[in-house]
Amino acid sequence: MTKLIVGNWKMNKTSTEAAQLVQELSKIPSGVSVAICPPFTALDRCAQLLKGTPIALGAQNVYCQEKGAFTGEIAPDMLTDLGIRYVIIGHSERRSLFFETDELVNQKVKLAQQHQLIPIICVGESLEEREQNQTLMVIERQVTTALKDVTNANLVIAYEPIWAIGTGKTATPEIAQEVHHVIRQLLSKHFNDNTIHILYGGSMKPSNAAALLAQPDITGGLIGGASLVADDFLEIIRQAA
Ligand code: 13P
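Scoring rules and cut-offs
- Residues numbered from 1 in each chain as written.
- Predicted model: local features only at pLDDT ≥ 70, side-chain atom pairs only at ≥ 80, totals over all residues.
- Heavy atoms only, no water.
- Helix = DSSP H or I, 4+ residues; strand = E, 2+ residues; numbered from the N terminus.
- Rg over C-alpha atoms; globule rule 2.2 N^0.38 Å.
- Buried < 20%, exposed > 50% of the residue type's maximum accessible area, 1.4 Å probe, protein only.
- Contact = heavy atoms within 4.5 Å.
- Phe/Tyr/Trp six-rings, centres within 6.5 Å; stacked < 30°, edge-to-face > 60°.
- Salt bridge = Lys/Arg side-chain N within 4 Å of Asp/Glu carboxyl O.
- Axes fitted to C-alpha atoms, helices over the stretch in contact; angles between N-to-C directions.
- Parallel < 35°, antiparallel > 145°, perpendicular 65-115°, else oblique.
- Left-handed = near helix turned anticlockwise from the far one by under 90°.
- Pairing = 2+ DSSP bridges.
- 1 Å grid on protein atoms, 1.4 Å probe; cavity = no way out; pocket = protein on both sides within 12 Å on 5 of 7 lines; lining within 4 Å.
- Points joined across faces, edges and corners; volume = space filled by probe spheres on them.
- Nonpolar A, V, L, I, M, F, W, Y, C, P; charged D, E, K, R; others polar.

Draft legend 1. The arrangement of the overall build of the protein in detail. Check the secondary structure of the protein and you find 10 helices and eight strands. Computed over C-alpha atoms, the radius of gyration of the protein comes to 17 Å, within 12% of the 18 Å expected from 2.2 N^0.38 for 241 residues, which places it in the range of a compact globule. If you line up the protein on its principal axes, its C-alpha atoms span 45 × 45 × 30 Å. Within the protein, the fraction of its 241 residues that count as buried is 52%. Expressed as a percentage of contacts within the protein between residues at least 6 apart in sequence, the contacts between residues at least 24 apart total 72%.

Draft legend 2. Representation of the packing of aromatic side chains within the structure. In total, this model carries two aromatic pairs according to the counting rule given. Where Tyr-63 meets Phe-70, the ring centres are 5.1 Å apart and the plane angle is 45°; that geometry is what we call tilted.

Draft legend 3. Molecular detail of unusual backbone geometry. Phi at Gln-116 is positive, roughly 65°, even though this residue is not glycine. Along the chain, Gln-116 turns up in the loop between α5 (102-114) and β5 (118-123). What makes Gln-116 exposed here is its relative accessible area of 62%. Of note, Asp-149 is a non-glycine position whose phi angle comes to about 60°, a positive value. Of note, Asp-149 is situated in the loop between α7 (135-146) and β6 (156-159).

Draft legend 4. Spatial organisation of the pattern of salt bridges. One pass over the structure, following the stated rule, counts 10 salt bridges. With a closest N to O distance of 2.7 Å, Glu-100 and Arg-94 form a salt bridge. Taken together, the shared-partner salt bridges in this structure form one network comprising Arg-94, Glu-100 and Lys-108.

Draft legend 5. Molecular detail of the packing of α5 against α7. Orientation of α5 relative to α7, taken along the N-to-C sense of each, is 40°, at an axis distance of 8 Å. For the element pair α5 / α7, the angle class is oblique. As α5 runs across α7, the sense of the crossing is right-handed. Residues Asp-102, Glu-103, Val-105, Asn-106 and Val-109 of α5 pack against Arg-141, Gln-142, Thr-145 and Ala-146 of α7.

Draft legend 6. Seen up close, the pairing of strand β4 (residues 86-89). Taking every second residue as pointing to the same face, both faces of β4 are buried, with Tyr-86 and Ile-88 on one and Val-87 and Ile-89 on the other. Pairing geometry for strand β3 (residues 55-59) and β4, over two bridges, is parallel. Pairing of Ala-59 across the sheet is with Val-87, part of β4. Bridge count between β4 and β5: four bridges; the pairing is parallel. Looking at the pairing, Ile-89 lines up with Ile-121 of β5.

Draft legend 7. How the structure looks around empty space enclosed by the protein. For the coordinates displayed, the defined rule picks out one cavity of 30 Å³ or more. When its volume is computed, the largest cavity comes out at roughly 40 Å³. For the largest cavity, the full set of lining residues is Gly-90, His-91, Ser-92, Arg-95, Cys-122, Val-123, Gly-124, Gln-142, Glu-160 and Ile-162. Among the elements of the structure, α4 (92-97) and β5 are those that each provide at least two residues to the lining of the largest cavity. For the lining of the largest cavity, the per-class residue count stands at three nonpolar, five polar and two charged.

Draft legend 8. Spatial organisation of the sheet that holds β5. With respect to topology, eight strands assemble into a closed barrel ordered β1-β2-β3-β4-β5-β6-β7-β8, the strand pairing being parallel. For this sheet, the mean angle separating the axes of adjacent strands, direction not counted, is 25°. By the bridge criterion, three bridges tie strand β2 (residues 32-37) to β3 in an arrangement that is parallel. Within β3, the position partnered with Ile-36 by the bridge is Leu-57. Against the sheet, helix α10 (residues 230-240) engages β1 (3-8), β2 and β8 (220-223), with an angle of about 165° to β1.

Draft legend 9. A look at the layout of surface pockets. Each pocket or cavity is described by its volume, and for the largest pocket that value is around 400 Å³. Around the largest pocket, the lining is made up of 14 residues, and of these Lys-10, Met-11, Gln-60, Arg-94 and Phe-98 lie nearest the centre. Counting residues per element, the ones that place at least two in the lining of the largest pocket are α2 (40-50) and α4. With three residues, α4 is the largest single contributor of residues to the lining of the largest pocket. In terms of residue class, the lining of the largest pocket is made up of six nonpolar, five polar and three charged.

Shown next, in the form of structure tokens:
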């Protein structure tokens, strides 16, 4: 299965800086799918620069309503109008800092799909949940609720253990694979489809990407910090090709 490597730039890069980074991302090898998710303010400019390249564009969030009095929010057709293909939904930073619930994630997933956006649904346990042996229960709840009444398998799941995000601590390939396997089983049961991407995220970098991507149920990566450095992101892409 062709691997999918996605860069989540989070709240980094002005529009000007984003344009510079995009220009450094040339020479993408074939045999791998690549997307970047810059901040909203850089999407239009990046869309122009990425025309005719193999790099797809994603947004980091979307609201669960079509339009209206929702100050500060972004509607799905504002994204599709720019040619955006992916949207990250339910990142742990949005869940913990902005109180997004599994139910809101589910509403966003359904609306995004109605607009032909491919949701990248993030799930992951906290350190406390892992230490209390609740990991698989938490993941099952997050995946199941996010997919309630979802019949369209055109989506991506990203497993991002919260304790591995931005900490330099990566889940070992074995720990990640164990969770990915459970997610694979949940997806097979729900959609009867074994081709849905399940990305690993959390301190993925050139030095650990190959071992993680070699696991049978890890079909790509959602990269934070290392996606802000062109050489590092390109090296991860090469390892996935
Ligand atoms: P880091 O790669 O910086 O740990 O971030 C992972 C992440 O949260 C991607 O969405």
